[in-house]
Every structure is written in structure tokens, then in C-alpha cells.
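# Descriptive structure summary
So the chains spell out like this:
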Amino acid sequence: MKNTKLGLIFITLFLTGLVGYQVYHLIIANRINAEYVHDGWEFRENSDEHWYPAEVPGCVHTDLLSNNLITDPFYGDNENSLHWIGDDAWEYRKNLRISSGILSRRNVELVFKGLDTYAEVVLNGNRIINADNMFREWRADCKEFLKVGVNDLRVKFRSPIKEILPLMKELEYQLPASNDQGEKTSPYTRKAPYHYGWDWGPRYVTSGIWQDVLILYYDEAVIRNFHIRQDKIDSSKAELNAAVEIRSLNNSPAKVMITINGEKNSTTEIFDVELNEGLHEYNFYLSIDNPVLWYPNGLGDQHLYSVTTELAVDDVLVDYDEKKIGLRTVELVRENDEWGKSFKFIVNGIPVFAKGGNWIPADNFVTRVSDEKYRMLLQSCKDVNMNMIRVWGGGIYENDVFYELCDEMGIMVWQDFMFSCSMYPGDQKFLDNIRSEAEYQVKRLRDHPCIVLWCGNNEVETAWFHWGWRQRLPEKIWDDYKKIFHVVLPEVCAGLDPGRSYWPSSPSSDLEDDANSMTNGDVHYWDVWHGEKPFENYETHFPRFNSEFGFQSFPNIKTVNYYTDPDTDHDIESPVMLAHQKHPRGNQLIRTYMLREYPEPKDFNSFLYVSQVLQAEGIKVGAEHLRRIMPQCMGALYWQINDCWPVASWSGIDYFGRWKALHYYAKKFFNDILVSPNLENGRIKVYIVSDRTVEVNVELKIKLMDFEGGLVKEESRLIKIDPLMSKVYIELDKDEWLEANDPTGTFTHFELVSGDDSISENFYYFLPVKDLYLPEPVIEFEVERTKTGAKIKVSTDKIARNVFLHSNNYNGVFSDNYFDLLPGKKVEIVFNTEEKIDLDEFKRNMTISSLVNAFRK
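Residues numbered from 1 in each chain as written. Predicted model: local features only at pLDDT ≥ 70, side-chain atom pairs only at ≥ 80, totals over all residues. Heavy atoms only, no water.

## What about the layout of surface pockets?
As a volume, the second largest pocket reaches approximately 1,600 Å³. Lining the second largest pocket are 50 residues, and of these Glu 617, Lys 620, Glu 624, Asn 762 and Phe 763 lie nearest its centre. Where the lining of the second largest pocket is concerned, the elements lending two or more residues are helix H17 (604-628), helix H18 (661-669), strand S35 (673-680), strand S41 (757-765), strand S46 (819-821) and strand S47 (827-832). Among the elements that take part in the lining of the second largest pocket, S41 stands out by supplying eight residues, more than any other. A class-by-class count of the residues in the lining of the second largest pocket yields 24 nonpolar, eight polar and 18 charged. (1 Å grid on protein atoms, 1.4 Å probe; cavity = no way out; pocket = protein on both sides within 12 Å on 5 of 7 lines; lining within 4 Å. Points joined across faces, edges and corners; volume = space filled by probe spheres on them. Helix = DSSP H or I, 4+ residues; strand = E, 2+ residues; numbered from the N terminus. Nonpolar A, V, L, I, M, F, W, Y, C, P; charged D, E, K, R; others polar.)

This is the structure we're talking about:
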């Protein structure tokens, strides 16, 4: 039976709004306390007598930098001189002050949300934690070791490299770790693989207290975890199961109140429960009538419900927890069809073409990534019509704010477990460690509606079969692989999160076919770039889901100037530029591809700019092809979205958040309606791709124009675009359409128009840029102030390709950039910045150029 008095107390607190909410926290603070243990830390090198101030959360590299003990790790070629840091042992300490009030409580816990990586936690000379996994939470009951007053708390870190080297000497074989830039120790340690180096990132092997530290003190019971399992959802009802994990110090009766509150509906239930001493899970069933569903970006709103779970013992509130959830159905559908076996996500009954990219950690030193930077990067993804991000398995399980923002923005998350490009041990201790890691992370993340898939690893399955590992390593290594990715991880996911699919590797066919099969599973396609195949090769492959494909470019000159000396380093082959190009053939490949399509750029700055245009044009070929062949293919995730330091890489957004040409292009090739002309067997087929769920009426305008702005001929047709489909609506015979006009000075413009709105446009050029006679346009512009920056009106007298707007003195994002501009057409570009703009200064320091300026002196 529900307790009326208790219910009135709870409901009164809930209904009093913000003021009552603050009071509510004060009431709880008298029953259970959680205090951050972040201030007053010091650190030292293990053999050093001198202690320095430390920041927690943080790592040894950032602490050394803030104390001016090392130079900027990202500047010049400093990296090699700082590798010693990963070889050393480090110690952190804090004077932990404990009051008599804290010690009067029945239980006191110390909680470390993340220790990187091999660490002993010692309290007043007593070892209370022995950590060996960066991705686990570590906690210890510690009341018996505490005293009133000052307590000596220390965390002693051992080198992740030196910890493993003796073990490796005892083995008859070495586990492959193809991206480790040094000793191949990373497979044996549960630590972010990219810390050991990658072909886009430096080798900075960190140690430190990298996540929150808390001290908890309480008397009766605490809520350790709660989860809302979505058993059945339709438009009329959501049937839910609340799984509440409670640690109780007694066997005692209690009450649990669960409140789910949304904009349009809510529910509150109070349950009687008999608590058992220890840690146990209790399940409660509840429902919501007429639920408001969560949808991915572009398909609907991202409605979130606030859920609060409160625990009372003897009619006294002792603990609470809260989170936000989104109600939706999601399934990965793999069924036989005319092309093999499907690989598509269906959300709320809608088949979703996944549009997005691969996410790596946004800094080598992840505690420097602020909530504001997460928001900026993810908002940038939403703004270019992405609806999915793959959190790649060589980085970290991201911070809570990352997933909260993805929930808010409707960005689906393909979540890898943190294994990448290596084989791993399969002994019982290592398997138990992995199981604990997976249990912690799945429990932590499973209530986020954005997460649509758990994936075991990055490229391990395909590496075994295609990188020569199978031929040179014992079969035991493959058996160990199956223990981890076909037993331990799927067991954890099925047990703790049965509503989501698990996929063993990426790429994979789940061992039903080749690991990189075009007819079954997902694909990483790298013949373009690594294989030096032309961009047109994308159009010869028809995967079911392409989860990696990419091409490199350099960041823009502002970013390059951060890590270089312009007087000595502005040469692509200078030592510093090579230090910030981690792929051994990177510069050569960029140049090789560039000269296939473009003349030689005239100078260093022009080479940077053309490299970005080259990257964007290449990925455009791939992305548009993958969208055109929908539903045979149902996903295009390019490599990669972001950077962890300033570098030449595959990213579309550089380390400082500056959009490259690729990210601007993505806004168009990921638009929910895309017009995409493609030459097939001498005919220009005009595809229109729609991700909308309803029909759309548009006018298709096609113009053949010369570079001087003359209109040669035009066609116009009214079209009804079918929903959720790619289809050819018009075909043009290329030779008949071009007639006797010179292909070196002619192009075709395609545009979809609805009323006064341009929905999608595309350009078709008959020859590569190096074979075109592009005129030098006169580009004019006007600038006016806006509340968030400036508006620029741009026009040209002749075709202007890849018009590049650049603000030399303000950081911000243009609404469009690197775009082709029609002669006689005036476009409005908005520049948004968080800085206060002096309009005259902005005008003086803004440059506008086009592609021809990169080649003509």
C-alpha cells in the first residue's frame, strides 16, 4: 500500500518548482552527502622531492604544462622530447580533511570515477584501491582508515609502458598493435589506445586522476544505479521497467518513488520494497499513456522525459537520483534481400539512412575538453544534417555531457567498446577486467536514447583475416578474440541492455561472410586513399552500410600558424609540418591526388586551401553515391569528424573547431533532400534523394551555362519527390545536352526549388579542374552587422568556384563556404561568432577568394 504521508511529502517537494527543488536538495544533504574531492591536490615525479600544484580531474601532462615544467606539447616538434613522461612513475597527494560529523555516519566511501591507469590509492598508509583499467569506476569503503582532521590521501601511478614490458619479454609472441608509435604495449592495458599514437595523433601516454573524485557518507542506503527499460512502446502506451540498484546497510522496509515528467504527460508511482543488506537490484513496472517519442535529427523532435527516483527508509528521504530519457524504438534490421543481407536502423518504425562521421577524442588530454567545446562540435554536426556519430573504439567512452547533447540534438550514436586495431589477451584476469569495464559503461550509458548500437571493436576482425595476422599468430589468439567479442561483451549487453543490438566488430559480417563484405554487414572502404584508387572508385562499390571512408587535408593557415614558425616552417616537407603529419605517406598521397585533378598550387597557403577542396570533393563523390543507392546502402559515416590536436588529418573540423571545406560540403550532401547528377554510360542521370517521410512537390531547374555567365539553355520540370527514397527523375544524354559547346568552359547547374526557397543545388562540370579554362572572377561583397556577427552579401561576374571567405581576426562559422557561385546571383552568407565584432575591422581583415586564385600569381 502506498504511504499517503510520504507521497504528500514527495509530491509537495516536486511541485514547488525551482525554489522547492533547492530545498529538496538541502533535505537530502542531511541524509546522504557526496562531496567532490578536487581541490588541494599536488603531484610529483616519483623520484622528485618537490611537489607541484595539480588539477583534478587532469593528467600529468597538463599538470606539467600548467607549472611551466614542459613546453606546449602541440607546438612545433616538441612531441619527441616529451615521450619520457609516459615512461615515468608519478604520485598525487592531498590532505583530506574529515569532520567528526562525517565519521559519525555509518559508512564512508571514496569514489574515483576514472584512474589512468595503473594506480594504487593509499589512505593514511593503507592501500584501499589497486586500479588497472582507465575505463572503470573505482570505489572503496574507507571509514576504518579515516580519522578526524587531516588524512593523507595518495594516488601512485606506475608507467603504463614499463608495467607491460616485463610481461612482453616472457611471451613467445607479441600481440599486434599496428598504430603504437613505440613499444607495442597497448593491447595489454585497458587504456585509450590513441594515447600510444595513431596515424593522425601523437604519442602521449598519460597518467592521472582523469575523472571526478568523490567522498560519500550515509547511514541507511544509497541508490547506486537506476535504469528505465523500455519493454514496449507504441503511440498509445509506453510500458516500462525501472531497475533500481540499491546498496543497503540493513534488511529493512523502504519506499521507492519514481516520477517521469514530460512536457505533455507524466506519471508518479510509489512502491513498497523490502531492502536486503548489500547491493541488490529491485524492479518496478510503470507506464505512460500516449507517450511523446524521441526522433533522430531531421525526422522529428527530440522529446526527453525527466525521471527521478527517490528512496525513503522509515518515511525519511535518504537518497535520490535523476536523469533524462527519450522514448523510442530502435532495431538493427538484418534480413535477406536482393542485395544480400540488410544492415539498416529502424527508429520508431522509420528506416533511417545514417548520415554522419566517426568521432575521436577531442583532445589528447581529454580533461581539457570543456562542455562548451562538446556543444560546439556536436552542434556543428547537427547543423550539417548529421544524424549519427560513431564513437570510435580507439578513444574513450565519452563523458556524460557528450551523450546528453546527442540526446538533445537527435544525433544517434554507434558506440564502440574501446578496442582497436590490435589483438588482445584472453586470460581470465583480463577477461574479468573487460567484463567489469563493460558492465560499468553499459550501466552508465544505456538510458541515453541516442545510443542505437553497441559494437565490440574497430577493425580487429578484418585485421585478423586481411592484415596477415592470421598467418603469423597462433590460433589461440583468435580463440581469445572470440572469448572477448563473441562471448563476454555480447553477454554483458544482452544481460544489461537487451533492447539494443550488439555488433562484434566494425567492419564485420558477424563471421557470416568476409569481414569487409559488400553484401553483408558494414564496410570500411579505403581503396581510395590507402590504395590510391581514384575518387570515382567509390561509385563501383555497393556496401550495405559504409562506416568508414575518408581522405586527408591540411587545416587552414590560422591553425597551422599555431604550431609553426611562418619564417621557417611553411613548407609541406619542413620538419615541423612533417611532425604534424602522422601518416607516413600522407603528404605524398595528398599531392598525388591533387595533381590528378588540379594544377600545382602557387604557394604554401594555396596548397592548404586546395587540399581542403580536394578532400571535400572526394568525400562528396563517395557520400552522394552511397545516398543514391539507398536502400541497398543505409549508412554513410565518413572518417573523421574532429581532431585531438592540430594536424593534417581526415577531419572535417580541426582541433580548434574551425570548419574545413569538407564540413561545409557535408551540409549539402547530407541535406534531407539532395539533387545528385551522375554520369552513367554517357547519360547524366539526375537522382533526387529524400529522407523526409512525406511527399514533397518541387520544381527542378536545369541550366547549361558558360563560365562568363551566359545561359546556353535550360529546362524546368515539376516533380513530386517520393519519401524515403532515391530515384532517377530525369536523364540527359551528355553529348546531346552539351551539343557543340566547349566542355572546358561550360557547366550545368541543377536546383530544386519550392516557392522562393532553394532546397538543394548541385553543379556538374564536364572535365577535371586542371582541364578547365576558369576565368578570374570579380567577386564583390557587402557587409552588415547582425546580433551574432555579420551578414555578407556576395556576387560575381563570372563563375567562381570554391569561394572561400576567411576572417583573419575573428573566430566563427560561416553559414556556407567553399561554394560555387553563379554569375549574377547574389547570395547571403551569415558569419556567427561569440566575439564582439568591430564591423570596420571585420571588413578590413576579411578576404574572399576563389579557386583560380590558388594557381595564378
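## Points about the pattern of salt bridges
Applying the stated criterion across every chain yields a total of 57 salt bridges. Glu 42 serves as the salt-bridge partner of Arg 93, at 2.8 Å between the closest nitrogen and oxygen. Here Arg 93, found in strand S4 (residues 90-98), pairs with Glu 42, found in strand S2 (residues 42-45); they are 51 residues apart in sequence, far enough to count as distant. Between Arg 229 and Asp 231 there is a salt bridge, with the nearest N and O atoms lying 2.6 Å from each other. Residue classification places Asp 231 among the partly exposed residues on the basis of a relative accessible area of 38%. Linked by salt bridges that have partners in common, Glu 109, Lys 113, Glu 137, Arg 139, Asp 141, Arg 224 and Arg 247 make up one network. (Salt bridge = Lys/Arg side-chain N within 4 Å of Asp/Glu carboxyl O. Buried < 20%, exposed > 50% of the residue type's maximum accessible area, 1.4 Å probe, protein only.)

## With respect to the packing of aromatic side chains
Tallying each qualifying case throughout the model produces 65 aromatic pairs. Seen from their ring centres, Tyr 655 and Phe 656 are 5.0 Å apart, and the 75° between their planes marks the pair as edge-to-face. You can call Phe 656 partly exposed: its relative accessible area is 31%. Of the aromatic side chains, those joined through ring pairs into one cluster are Phe 74, Tyr 204, Phe 365, Tyr 562, Trp 645, Tyr 655 and Phe 656. Here the guanidinium or amino end of Lys 323 rests over the ring plane of Phe 226, the centre of that ring lying 4.5 Å away. The ring centre of Tyr 687 lies 5.6 Å from the NZ or CZ of Arg 628, which sits over that ring. (Phe/Tyr/Trp six-rings, centres within 6.5 Å; stacked < 30°, edge-to-face > 60°. Lys NZ or Arg CZ within 6 Å of the ring centre and 35° of its normal.)

## Concerning the environment of Asp 212
Turning to its location among the elements, Asp 212 is positioned in the loop between strand S13 (208-209) and strand S14 (213-218). On the basis of relative accessible area, Asp 212 is assigned to the partly exposed category, the value being 28%. Distance from Asp 212 to Val 56, taken between C-alpha atoms, is 7.4 Å for residues 156 residues apart in sequence. For Asp 212, the residues in contact, after removing those within four places along its chain, are Tyr 36, His 38, Pro 57, Val 111, Phe 112, Lys 113 and Gly 114. Side-chain polar atoms of Asp 212 contact the side chain of His 38, separated by 3.2 Å. (Contact = heavy atoms within 4.5 Å. Polar contact = N/O pair within 3.5 Å; in protein donor to acceptor, adjacent residues only side chain to side chain.)

## Observations concerning the packing of H17 against H18
Interhelical geometry of H17 versus H18 gives an angle of 25° and a closest axis separation of 8 Å. When the interaxial angle is binned, H17 and H18 end up roughly parallel. Along this stretch, H17 crosses H18, giving a crossing that reads as right-handed. Only Ala 661, Leu 662, Tyr 665 and Phe 669 of H18 make contact with H17, whose side of the interface consists of Gln 612, Val 613, Gln 615, Ala 616, Glu 617, Ile 619, Lys 620, Ala 623, Glu 624 and Arg 627. In terms of residue class, the contact of H17 with H18 is built from eight nonpolar, two polar and four charged. (Axes fitted to C-alpha atoms, helices over the stretch in contact; angles between N-to-C directions. Parallel < 35°, antiparallel > 145°, perpendicular 65-115°, else oblique. Left-handed = near helix turned anticlockwise from the far one by under 90°.)

## Thoughts on the sheet that holds strand S48 (residues 846-849)
Pairing is antiparallel across the open sheet formed by three strands, whose spatial order is S46-S44-S48. Across the chains shown, the open sheet's two edge strands, defined by having one partner strand only, are S46 and S48. On average, each strand axis in the sheet is tilted by 35° relative to the strand beside it, whichever way the strands run. (Pairing = 2+ DSSP bridges.)

## A closer look at the pairing of strand S10 (residues 149-157)
As judged from the nine bridges shared by S4 and S10, these two strands associate in the antiparallel manner. Counted as the bridge partner of Arg 93 is Arg 154 from S10. As paired strands, strand S7 (residues 118-123) and S10 are joined by five bridges and run antiparallel to one another. Paired with Leu 123 across the strands is Leu 153, a residue of S10.

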